[in-house]
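# Structural description and commentary
Chain by chain, the residues:
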Amino acid sequence: MTGPTELAERFGTPSYVYDLDRVATARDDLLAALPDEVEVFYAAKANPHPDLMRELRTGGARGCRAEISSVGELDAVLEAGFQGDRILYTGPGKTTEELSEALTRGVRLFSTESYGDLTRVGEAALKLGLSADCLIRVNNATGAAATGIRMTGVPSQFGFDSETLPDLAADLRDVPGTTIAGLHFFPLSNAKDEASLIAEFRHTVATAAALQDALGVTFRFVDIGGGFAAPYGVQGERPVYGELRAALAGTLDEHFAGWREGAPRIACESGRYLVADSGTLLTSVVNVKDSRDQRYVVVDAGINTFGGMSGLGRIMPVTVEPHESVGVDGTPASLAGPLCTPGDLLGRGVPLADPAPGDVLSVPNTGAYGPTASLLMFLGRPAPTEIVVRGDDVVSVSRIQHTRAYEPDTHGQAL
Ligand SMILES: *Cc1c(COP(=O)(O)O)cnc(C)c1O
């Protein structure tokens with residue numbers, strides 16, 4: 001048995017445990033929730049661990065493709081075995097150097113956020129004697145779903161504003177070094193429920209069809225985004241979507257007659273849904289202290305380990321599963337990390353009975369937006385250990401290292 005307590009003893013804390021069986025189940029659930037013809041891009045940003053990405057890539061004939069937005073992520077997905085032609089490069093700040101690197105290493109599909117971005121991709125491709133397939137990312141003026149993390153409809157560094165996009169049609173078609181392959185949408189993250197997700201996809205597909213007419217380009221590829229939800233650092237189940245497959249197929253039939261034959265190819269994207277519930281964060285109690293009327297349980301995982309996405313000062317509603325002696329019915333405590341900032345709080349009002357130094361706690365559903373989305377270097381502690389298991393077997397143990405490449409300037413007047 002490789003239970004959390006045993007793993008914590010063997011490999012120390014703070015540590016993340018990721019179960020590849022759960023990654024595979026999430027991948028299969030998502031693929032089953034989508035029509036067979038729809039491809040899925042895994043957003044490497046959610047967790048670039050090579051073992052997890054390899055698991056997502058090799059899901060039989062319908063293994064995931066990879067979505068990246070940096071050279072670091074490019075390294076990671078190539079290491080995980082993704083070929084250049086399976087990769088989509090996105091992001092609002094793609095530099096000429098990064099683009100050249102990505103093109104040189106085989107990436108041909110880019111999402112572009114503005115006319116300037118598109119021309120930069122074109123210049124990089126031309127210099128290498130290549131042509132890049134570009135998706136026009138759309139910042140849709142309107143959306144459908146009521147909640148979730150909305151990414152669209154407001155001024156943004158992401159995407160072309162949909163209302164003025166048709167005016168640019170002629171310019172977009174003529175950028176040397178590029179071909180407009182289609183559109184990219186990412187209107188929301190972590191949708192509230194399946195109905196919102198379906199409504200948003202319907203809206204996106206209808207918008208894509210209208211833009212195809214307005215732009216006068218026959219799309220080869222339409223990436224309609226994601227929004228697939230998963231609990232984050234709290235107890236709960238990842239939803240399994242039962243209605244989406246038929247609803248999405250119906251909408252696509254209505255707007256893109258050839259989609260089943262790949263004209264255009266349709267893709268979705270996901271990060272959290274695919275990996276969040278594979279992960280558990282293990283942390284040890286270092287100290288318990290009462291201050292005035294408040295109990296502080298100080299643990300060895302702070303915002304340097306988990307919670308970077310939330311930024312300083314935003315407390316996540318983490319729940320904790322205690323092991324062995326620690327019960328959950330005690331005095332609500334503040335769960336504090338080890339960092340020298342009052343902002344290092346993982347949770348407030350966490351009920352823990354008799355916590356004591358050395359007790360191991362676990363935070364569930366932490367496979368997405370963990371170490372690489374945290375303030376890893378703040379206060380100089382080592383990155384958490386990352387333990388990959390498949391069921392009861394340990395597959396790998398690793399830790400991200402951060403080092404300074406330092407060179408004194410021997411010619412300078414002063415340091
Ligand atoms: C972050 C991001 C994703 C992944 O989002 P999740 O909510 O983790 O599924 C997908 N696509 C784009 C463009 C993103 O920026």
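Because the structure is predicted, anything quoted here is derived from the model rather than measured. (Residues numbered from 1 in each chain as written. Predicted model: local features only at pLDDT ≥ 70, side-chain atom pairs only at ≥ 80, totals over all residues. Heavy atoms only, no water.)

### Topic: the site of the ligand
Formally: Throughout this document, a residue counts as near a molecule or strand when at least one of its heavy atoms sits within 4 Å of that molecule or strand. Definition of a polar contact: a pair of N or O atoms within 3.5 Å, with one able to donate and the other able to accept a hydrogen when the atoms are protein atoms, and with sequence-neighbouring residues admitted only if both atoms are side-chain atoms. All accessible areas in this document rest on Shrake-Rupley with a 1.4 Å probe, and a residue is counted as covered only by the protein chains that are shown. Polar here means any residue other than Ala, Val, Leu, Ile, Met, Phe, Trp, Tyr, Cys and Pro, which are nonpolar, and Asp, Glu, Lys and Arg, which are charged; Gly is therefore polar.
Contacts to the ligand come from Ala 43, Lys 45, Glu 67, Arg 137, Phe 186, Ser 189, Glu 269, Ser 270, Gly 271, Arg 272 and Tyr 369. At 3.2 Å from a nitrogen atom of the ligand is found a side-chain nitrogen or oxygen belonging to Glu 67. A distance of 2.8 Å separates an oxygen atom of the ligand from a polar atom in the backbone of Gly 271. Contact with the protein chains hides 93% of the accessible area of the ligand, taken as 390 Å² for the molecule alone. Taken together, the residues of the shell around the ligand break down into three nonpolar, three polar and five charged.

### Describing the UniProt feature "active site" (unreviewed entry) in the protein chain
For clarity, the cut-off: UniProt positions are given in the numbering used here, feature names are shortened, and annotations may be inferred rather than shown by experiment. Counting from the N terminus, the helices are the DSSP runs of H or I reaching at least four residues and the strands are the DSSP runs of E reaching at least two.
When the UniProt feature table is mapped onto this chain numbering, "active site" (unreviewed entry) sits at Cys 340. Summarising the element assignment, Cys 340 is placed in the loop between β16 (327–336) and β17 (345–353).

### A few points about the pattern of salt bridges
Here is the rule we go by: Salt bridges are identified by distance alone: a Lys or Arg side-chain nitrogen within 4 Å of an Asp or Glu carboxyl oxygen. Any residue under 20% of the maximum accessible area for its type is buried, any over 50% is exposed, and the rest in between are partly exposed; the area is computed with a 1.4 Å probe on protein chains only.
Taken as a whole, this structure holds 21 salt bridges when the rule is applied. Across the pair Asp 36 and Arg 245 runs a salt bridge, and its minimum N-O distance is 3.1 Å. Residue Asp 36 is found in the loop between α2 (20–32) and β2 (39–43), and its partner Arg 245 is found in helix α9 (residues 244–255); the two are separated by 209 residues along the sequence. When its relative accessible area of 48% is taken as the criterion, Asp 36 is described as partly exposed.

### Here we look at the pairing of strand β20 (residues 393–399)
Looking down a regular strand, the side chains alternate between one sheet face and the other. Heads up, the condition is: Two strands form a pair only when DSSP identifies at least two bridges running between them.
Alignment of strand β19 (residues 385–390) against β20, held across six bridges, turns out to be antiparallel. Counterpart to Arg 390 in the pairing with β20 is Asp 393. Where β19 hands over to β20, the hairpin turn is made up of two residues, of which Gly 391 adopts a positive phi near 60 degrees.

### Looking at a nonpolar patch on the surface
Quick reminder of the rule: Candidate patch residues must exceed 30% relative accessible area and have no salt bridge, after which like charges are joined if within 9 Å and Val, Leu, Ile, Met, Phe, Trp or Tyr side chains if within 5 Å.
There is a patch of nonpolar side chains on the surface, built from Leu 375, Phe 378 and Leu 379 and spanning about 240 Å² of accessible area. Take Phe 378: it is sitting in the loop between β18 (360–363) and β19. Residue Phe 378 is classed as partly exposed on the basis of its relative accessible area of 38%.

### Thoughts on the pairing of strand β1 (residues 15–19)
Within β1, five of the five residues are buried, which leaves the element mostly enclosed by the surrounding structure. The two faces of β1 match: Ser 15, Val 17 and Asp 19 on one face and Tyr 16 and Tyr 18 on the other face are all buried. Judged from the five bridges that link them, β1 and β19 form a sheet pairing that is parallel. Considered in β19, the bridge of Tyr 16 is made with Glu 386. As paired elements, β1 and strand β13 (residues 279–291) share four bridges and run antiparallel to each other. Within β13, the position partnered with Ser 15 by the bridge is Leu 282.

### Side note on helix α6 (residues 115–127)
Given 3.6 residues per helical turn, the α-helix brings residues three or four places apart onto the same face. Applicable threshold: To estimate how far a helix should reach, multiply one less than its number of residues by 1.5 Å. Each C-beta atom gives one direction from the helix axis, and the arc is the one those directions make. Throughout, a contact is declared for two residues whenever any of their heavy atoms are within 4.5 Å.
Between its terminal C-alpha atoms α6 stretches 18 Å, which fits the 18 Å expected from 13 residues at 1.5 Å a residue. Residues of α6 that are buried include every one of Asp 117, Leu 118, Val 121, Gly 122, Ala 124 and Ala 125, and no others. One side of α6 holds all its buried residues, which, seen down the axis, span an arc of 165 degrees. Elements that come into contact with the buried residues of α6 comprise α5 (96–104), β5 (109–112), β6 (132–139), α7 (169–173) and β9 (178–184). Looking one or two residues beyond α6, the residue adopting positive phi is Gly 129, at roughly 70 degrees.

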